[in-house]
Every structure is written in C-alpha cells, then in structure tokens.
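A closer look at the structure
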There are 2 protein chains.
Amino acid sequence: MIVGYVQTSPAFGLQEKNFRQVEELTGGIKADLLVLPELFATGYAFTSREEALSLGEGTGGPTAAFLQSLAERTGGAVAAGFPEKDGIRLYNAAMLVSEVGVLAVYRKIHLFAREKFVFDPGDRPFAVYPLPSCAVGLMICFDWAFPEAARSLALQGAQVIAHPANLVTPYCQEAMRTRCLENRLFAVTANRIGSEKRGEQDLTFTGMSQVTGCKGEVLHRGDNTGTEVRLVELDPAAALDKNLTPLNHLLDDRRPELYLT
Amino acid sequence: MIVGYVQTSPAFGLQEKNFRQVEELTGGIKADLLVLPELFATGYAFTSREEALSLGEGTGGPTAAFLQSLAERTGGAVAAGFPEKDGIRLYNAAMLVSEVGVLAVYRKIHLFAREKFVFDPGDRPFAVYPLPSCAVGLMICFDWAFPEAARSLALQGAQVIAHPANLVTPYCQEAMRTRCLENRLFAVTANRIGSEKRGEQDLTFTGMSQVTGCKGEVLHRGDNTGTEVRLVELDPAAALDKNLTPLNHLLDDRRPELYLT
C-alpha cells in the first residue's frame, strides 16, 4: 500500500489558488491514501466565526469536488480538512473521498485554542472506514494530544490514521510515535508550512509532516522549509497483529474495569 | 521537592545482598520521593509461580521493614517493587512507604510476557496517595504501554508517578515523555541493569532510568552502564496547571462520551 502526505502552504481565503497548489504538487502521483492538511483550501487563522462560515461548505461543495478529482487522478482515497457548514453549525472537519465521492466526514472533537471561538466541537464518535487497501481512521491535528482519540480508532480496527494537521506546537511528531506504538497502527500526519498573521493571531506552522510506522518508528519525517509530497510504502496487515510480545496483546490486555475514564 | 531513582543490579534471590546494595547507593541521600526498581529485592526471572511464591511477602515482611528504614534515613517516601503474597494470591506489586510504615500498595495491572505465568493480575483500580510534598500515583513497568494507566492517575490528581520498572524493551523512556506531556505530570522511572538467565529466560535489563518533566521533557536520563542514584529537584505545583494553552485543559477538554474505551 502506498500512503502519502501533501505538505502545503495555503494562502488564506484563496481556495482556487490552494487547489492549484495541491494539483501542482501531486501531478503524476499515484497513492492508495493521500492526506492533505487541516483546512487546506481556506487557511486557518479565522478572525471570527462569521468569516469561517463564509468559507464553509458541505459535502456537495467545491472542496469535495476537487478532492474527488484528485482521488481520480491518484487512483486511491484522499483525506483532507475543510470547514464544514451544516445548517447553523460549523465544524473543523475532514473528508475521506474516493473517485466515487465522499466516503466519510470526521468533525474535530478536540478544538485547539481559538478554534473554540470559531467552530462547533465535533458531535460524532471517532469512526473507521474501510478502503480497498485498509481500514482508515480520521483524526485532526490537536486530537494527537488525547490518547483516547487514536485508541478509539484502534479499537474499531483502524490500520492507518489519516491525520490532517495545522500544527503550531513542537510536540505532535514525537507523540505520534507513541500513539502508533501503543495501538500498533500507522499514521500519516499531513502538516502545513507558512505563517498567518490575522487579527490577534500570529501563527507559524511547523511542517515536518510525518508517516509513522506501527511500531512507533518514523518512516518519514519532512522538514519545514517547503511544500512537498512524500509517498511511503507500508504493509497495513502489520497493524492487524497487536501482539507486542507473544503473550501481550495491546488491546486485549487492557483492563477497562480498572481504569478511570 | 527532591525526587530520585535508585538504579540497581539485583542478584536473583539474594534479598539481603540487594538490600545492602540499595543501602550503599543511598548513603547520605535525602529525598522527598525515592523510587526503586520493580522486584528490586528478589530479581525478576522467576522460573515458576512456586519459586516466586517462596520469595513473596506481605506488607509486614522484611522488604517493608527495609523500605521503612530507608524512608527514615532519606527523610521522605520510598516506592519500590516486591512480590506481594496475599493468601494464595501473588502480585507483582509496589509499596509506597514512609518512616511511619506502608502507605499504599499497587498491584501491577498489566503483566508483561511470562509474568502471566507467575503473578495474578492486579485486582484494584489505579489510585493516588497524598504525600506531604505532592500527590503520588503508582504504576509498574509495562503499565507505560497503556495510556489508560497514567491517565487514570492524572484524573485522580497525581502530580508525580512513581514507576518502578524492570525494562527489557527500548520503548518506555520516550513513551513516558508522551505520558507526562498528555497528562501534565512528572514521572520517576526507576529501572535496573544487569542480566538474568534462568530457565527459558535470558533477559538483559536496559537501565536508562529517567525523571520526566510535566511538559514531556527529560529532566534526567541515566545510562545503562552501572548502578546509580540520581536526584532531581522539581516543582510538583507545575503539574496542577493542566492548561496546554490558555484555552486548552488537558483533562477537561476530554470528550469521554465520544470515546470507545
């Protein structure tokens, strides 16, 4: 199975320009699962909920159409972040899209910092979706900080976590090694680069997108100097064997009756 | 607050010799919380449950008495692993002991590999104990692999995790950085060095005992070349502020209603 990330540098509010950047980066690419950053087509640093609502869309909008065309070209599925407008609600969401259309939407459960002023928190449990190549779970950016996120996906059989991100802190990449190790699954963290200075926000995104192996190893970590696409071959079947030792199953050894949750 | 670990090299089955090693290493030491390895006085590689039972004891046994005398000398509390015999039951346990006696016993919940042939699994929830210096949670060795362990302690207010260990895999030290980061607490992982070749087991313990800071930083990591005591000063109050950002509380931001557990 070929997975990959597209590390972009979105221009705030310029959806068409951001689509073109992804098109240029992914020309000729084939991948079973390609992951783009959080909010890849709109930018991140909204100054108000109203501004974000004006850029929000549903699963019938231009971002879904763009991702479907990208999936057609790449021959697999694509996961990418977008501001999902659903009636009066607005979510920091991610779509999983194939050539036949939108397969799933995940609404970010753990909102980071000022996102709480802009988005509604996700209202649906973590869920896993079957692709021809593997079972994929979706989480977004700051969900990395909560072990319950990746755990919830692992317990539903996720072999690969598609993880669109707009990271501004230095912790995620190393923490994802623990997430993959403790759950024996792969992760593709697609981060962005660049800066956004808007209103009170002055954010620099840290790049270093990462494909993490199911034993916690870094299969590839990018840098933060430019946009890039990186493809990595992995065997998702390795994520099905949860035995850390012949006598230790990472999920079955859990003792939920003795945990506080 | 001064915390510390004692990295020892136990001789299998030679309790008195192992006590003396700890005495020699800790001469003149003062610490609010000192952590010794898992099963520090007996060794680890039991060839049968019967053999372990023969070395098991209760909280009125010689190990508790030794640890109480150590706590008197060091002026604080001591956490250390021992095989706890309770009727026909045998647990891979850890005691928290002060100069007044045994304050708490934790029975290892996640048994590693062949420990399953020797010990009964822990039968009590993770719990936290107040010391004059801070609230302490106990976990043992392989509990590191389960995020639910440290999380259960954090949710009960643990500021420092005392973590006796007999590590044979290379993962724990880095994973403990994630445990401390995601829960904003400190941890003292006391590992052993040396080898034990007994029956089918041929184990080499990896040393590199570690004091981990509440932002995931390594405050000190030892090496694996010798026995040592290491003291580190830390401010346990830092573990009370769970705000990763002014808008993100690491525990209150959890959404248990949306998790699978």
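The preceding data block contains the structure.
Per-chain numbering applies: the sequence of each chain, read as written, is numbered from 1 onward. Whichever chain is written first becomes A and whichever ligand is written first becomes 1, with later ones labelled in order. Where local features are concerned, this predicted model is filtered to residues with pLDDT of at least 70; where side-chain atom pairs are given and counted, the filter is 80 or more; whole-chain, interface and lining totals use all residues. Side-chain descriptors were evaluated using all non-hydrogen atoms of the structure, hydrogens and water having been removed beforehand.

**A few points about the overall build of chain A**
Each helix and strand in chain A was counted, giving six helices and 16 strands. As defined in this context, the radius of gyration uses C-alpha atoms, and a globule is described by 2.2 Å times the residue total to the power 0.38. Its C-alpha atoms give chain A a radius of gyration of 17 Å, within 12% of the compact-globule value 18 Å for 261 residues. When its C-alpha atoms are laid out on the principal axes, chain A stretches across 55 × 45 × 35 Å. What makes two residues a contact is simply this: any of their non-hydrogen atoms within 4.5 Å. Taking all contacts inside chain A whose residues are at least 6 apart in sequence as the whole, residues at least 24 apart take part in 68%. With the model as given, the accessible surface of chain A reaches about 9,000 Å², and the carbon-plus-sulfur share is 51%. Charge convention: Lys and Arg are scored as positive, Asp and Glu as negative, and His as well as the terminal groups of each chain are ignored. To locate a charge, the coordinates of NZ of Lys, CZ of Arg, CG of Asp or CD of Glu are taken. Treating the 25 positive side-chain charges of chain A as one cloud and the 31 negative ones as another, the clouds have centres 3 Å apart. Numbering goes from the N terminus for both helices and strands, where a helix is a DSSP run of H or I of at least four residues and a strand is a run of E of at least two. Areas reported here follow the Shrake-Rupley algorithm with a probe of radius 1.4 Å; residue values treat only the protein chains shown as occluding.

**Let's talk about the pairing of strand β10 (residues 195-198) of chain A**
Residue and element names in this part refer to chain A. By the bridge criterion, four bridges tie β10 to strand β11 (residues 201-204) in an arrangement that is antiparallel. Bridging from a neighbouring strand, Ser-195 pairs with Thr-204 of β11. Hairpin connection from β10 to β11: two residues lie between these consecutive antiparallel strands, with Gly-199 at a positive phi of about 55°. Paired strands, in this sense, are two strands between which DSSP finds at least two bridges.

**A look at the nonpolar core**
Among the buried residues, those of types Ala, Val, Leu, Ile, Met, Phe, Trp, Tyr and Cys that are joined through side-chain atoms within 4.5 Å form a nonpolar core. Working definition: with a 1.4 Å probe on protein chains only, accessible area under 20% of the residue-type maximum means buried, over 50% means exposed, and in between means partly exposed. Val3(A), Leu33(A), Leu96(A), Phe126(A), Met139(A), Trp144(A) and Val160(A) are the most contacted members of the largest nonpolar core, which has 70 residues in total. Every residue in contact with Met139(A), bar those within four places of it in the chain, is listed here: Tyr106(A), Phe126(A), Trp144(A), Ala149(A), Ala150(A), Leu153(A), Ile161(A), Ala162(A), His163(A), Pro164(A) and Met176(A). The next biggest cluster of nonpolar side chains, apart from the first, holds 68 residues, and it includes Ala77(B), Leu111(B), Val211(B) and Ala239(B).

**Here's the deal with the sheet that holds strand β6 (residues 128-130) of chain A**
Residue and element names in this part refer to chain A. Ordered in space as β6-β7-β8-β9-β12-β13, the six strands form an open sheet in which the pairing is mixed. Whereas interior strands pair on both sides, the edge strands pair on one side only; in this sheet they are β6 and β13 (218-221). Strand-to-strand twist in this sheet, taken as the mean axis angle between neighbours without regard to direction, amounts to 15°. Where strand β7 (residues 135-138) and strand β8 (residues 160-164) come together, three bridges link them in parallel fashion. Bridge assignment links Leu-138 to a residue of β8, and that residue is Ala-162. Fitted lines through C-alpha atoms give the axes, limited to the stretch in contact for helices. The angle between two N-to-C directions lies from 0 to 180 degrees. Contacts between helix α6 (residues 172-183) and the sheet are confined to β8, β9 (186-190), β12 (210-212) and β13, with β12 contributing the most and set at about 20° to the helix.

**Here we look at the sheet that holds strand β5 (residues 101-107) of chain A**
All names here are of chain A. Strand order in the open sheet formed by six strands is β5-β4-β3-β2-β1-β14, with mixed pairing between adjacent strands. With partners counted over all chains shown, the strands left at the sheet margins are β5 and β14 (228-233), one partner each. Sheet twist, expressed as the average angle between the axes of neighbouring strands with direction ignored, equals 30°. Bridging between strand β1 (residues 2-7) and β14 involves six bridges; their strand directions are antiparallel. Pairing of Val-6 across the sheet is with Val-229, part of β14. Relative to strand β4 (residues 89-98), helix α3 (residues 62-74) is tilted by about 20°, and along the sheet it contacts β2 (33-35), β3 (77-86), β4 and β5.

**A few points about the relation of the copies chain B and chain A**
The operation relating chain B to chain A is a screw motion whose rotation component is 180°, with 0.0 Å of axial translation and a residual RMSD of 0.0 Å. The symmetry that links the two subunits is that of a two-fold axis. A share of 100% of interface residues in chain B that are also interface residues in chain A marks the association as one of identical surfaces. The superposition of copies rests on a least-squares fit of C-alpha positions from residues with pLDDT of 70 or more in both.

**Some thoughts on the packing of helix α5 (residues 147-155) of chain A against α6(A)**
Residue and element names in this part refer to chain A. Here α5 crosses α6 at 35°, and the two axes come no closer than 10 Å. The interaxial crossing formed by α5 with α6 has right-handed handedness. On α6, the residues that touch Pro-147, Ala-150, Arg-151 and Ala-154 of α5 are Arg-179, Glu-182 and Asn-183. Three residue categories are used. Nonpolar comprises Ala, Val, Leu, Ile, Met, Phe, Trp, Tyr, Cys and Pro, charged comprises Asp, Glu, Lys and Arg, and polar comprises the others, including Gly. Counted by class, the contact of α5 with α6 contains three nonpolar, one polar and three charged residues. In this scheme, a crossing is called left-handed if the near helix is turned counterclockwise away from the far one by less than a right angle; it is called right-handed if the turn is clockwise.

**Examining the state of the cysteines**
By disulfide we mean two sulfur atoms from cysteines, separated by a distance within 2.5 Å. One pass over the structure, following the stated rule, counts zero disulfides over all chains. Of all cysteine sulfurs, the one in Cys214(B) lies closest to Cys134(B), which takes part in no disulfide; the gap is 12 Å.

**Here's the deal with the pattern of salt bridges**
Think of a salt bridge as a Lys or Arg side-chain nitrogen and an Asp or Glu carboxyl oxygen that are within 4 Å of each other. Evaluation of the coordinates by the stated rule reveals 39 salt bridges over all chains. In this structure, Glu148(A) and Arg151(B) form a salt bridge, with 2.8 Å as the shortest nitrogen-oxygen distance. Of this pair, Glu148(A) sits in helix α5 while Arg151(B) sits in helix α5 (residues 147-155), which puts the two residues in different chains. The exposure class of Glu148(A) is buried, given its relative accessible area of 10%. For Arg151(B), a relative accessible area of 3% gives the class buried. Of the charged contacts in the structure, one is a salt bridge between Glu148(A) and Arg254(B), with a shortest N-O distance of 2.9 Å. Here Arg254(B) lies in the segment after β16 (248-249) and Glu148(A) lies in helix α5, a pairing that spans two chains. The same class applies to Glu148(A) and to Arg254(B), which are both buried. Taken together, the salt bridges that share partners define one network made up of Glu84(A), Asp86(A), Arg107(A) and Asp123(A).

**Focus: the environment of Ser54(A)**
Take Ser54(A): it is sitting in helix α2 (residues 49-55). Considering only alpha carbons, one finds Ser54(A) and Lys85(A), 31 residues apart in sequence, at a separation of 9.1 Å.

**A look at the environment of Leu67(A)**
Residue and element names in this part refer to chain A. Of note, Leu-67 is situated in helix α3. Classification of Leu-67 as buried rests on a relative accessible area of 0%. Along the primary structure Leu-67 and Leu-240 are separated by 173 residues, whereas in three dimensions their C-alpha atoms are 29 Å apart. If near-sequence neighbours (up to four positions away) are discounted, Leu-67 is found in contact with Leu-36, Phe-40, Val-78, Ala-80, Met-95 and Val-97.

**Here we look at the packing of α5(A) against α5(B)**
One way to put it is that α5(A) packs onto α5(B) with a least axis distance of 11 Å and a crossing angle of 140°. Here α5(B) runs oblique to α5(A), going by the angle between their axes. Crossing hand, α5(A) versus α5(B): left-handed. Across the interface between the two elements, Pro147(A), Glu148(A) and Arg151(A) of α5(A) pack against Pro147(B), Glu148(B) and Arg151(B) of α5(B). A breakdown of the residues in the contact of α5(A) with α5(B) according to their chemical character gives two nonpolar, no polar and four charged. Each angle gets one of four labels, with under 35 degrees taken as roughly parallel, over 145 as roughly antiparallel, 65 to 115 as roughly perpendicular, and the rest as oblique.

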